[in-house]
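# What the coordinates show
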Amino acid sequence: KETVVAFNKVVRDIISEGRYNRKSELISDVQGAMDCLGYGDEEIENAYKFLIHVINGMRHEIAAEMALKKTKGVRAVHVASVDDDLSGIDLIVEYKVNYGGEHIIGLDIKSTPNSARNANNSYRDKGYHAIWSGFDHRRGDFGSYEDNLMPSNKAVKRVRSFYKEKLEEIVRKEDSHHKKK
């Protein structure tokens, strides 16, 4: 699992650094490199399927990070360490609520509302928070052909209120758990 997380971080860095604008360009270069290295068609096809999945997850994480950094009350957003990632945390958010309290919130970013709901419904440690990224391919948040690696500025702006709402909800739940103790 550590190897997969490390690979995901490499893909995340490639996308974050803007080396590629389109998913198809990145995949094409990886397939070309594999072909040059003598990998067979089946191996390249398997890598393609895996890479599609990884790229989708990483671009939702990056999009969430971009939107969270612009969300009112968010002091900082940190990409999780490998150890945090292995425990299901993608981003760590420093958040100050309206009434003054500061919270450190670990988020597991999911690409669909269903995957966030399923993750939250499965057995998890207290303090685990899976949330949908708020970005939707069908709405064109990653371009009309879903090929852009980064979301549109319009999409980032639109989801900020979604994150504000979700962070407030998480804080309310955490505060009520602390009061019960």
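Before going into details, it helps to say that this report is about the structure given with it.

Conventions adopted
- Residues numbered from 1 in each chain as written.
- Predicted model: local features only at pLDDT ≥ 70, side-chain atom pairs only at ≥ 80, totals over all residues.
- Heavy atoms only, no water.
- Phe/Tyr/Trp six-rings, centres within 6.5 Å; stacked < 30°, edge-to-face > 60°.
- Helix = DSSP H or I, 4+ residues; strand = E, 2+ residues; numbered from the N terminus.
- Buried < 20%, exposed > 50% of the residue type's maximum accessible area, 1.4 Å probe, protein only.
- Salt bridge = Lys/Arg side-chain N within 4 Å of Asp/Glu carboxyl O.

## Section: the packing of aromatic side chains
The tally for this structure, following the rule as stated, stands at four aromatic pairs. Measuring from ring centre to ring centre gives 5.5 Å for Trp132 and Phe162, while their planes differ by 75 degrees; the resulting arrangement is edge-to-face. You can see Trp132 sitting in strand β4 (residues 130–132) and its partner Phe162 sitting in helix α6 (residues 153–180), a full 30 residues away along the chain. This pair shows no difference in class: Trp132 is buried, exactly as Phe162 is. Taking 5.4 Å as the distance between ring centres and 70 degrees as the angle between the ring planes, the aromatic pair formed by Phe162 and Tyr163 counts as edge-to-face. When sorted by exposure, Phe162 lands in the same class as Tyr163, which is buried. Chaining the aromatic ring pairs together yields one cluster made of Trp132, Phe162 and Tyr163.

## A few points about the pattern of salt bridges
Scanning the entire structure with this criterion turns up twelve salt bridges. A salt bridge links Glu65 to Arg12, with the shortest nitrogen-to-oxygen separation between them at 2.9 Å. In this pair, Glu65 sits in helix α3 (residues 41–69) while Arg12 sits in helix α1 (residues 2–16), placing the two residues 53 residues apart along the sequence. The exposure class assigned to Arg12 is buried, which follows from its relative accessible area of 4%. Among the charged side chains, a salt-bridge network with shared partners connects Arg12, Glu61, Glu65 and Lys69.

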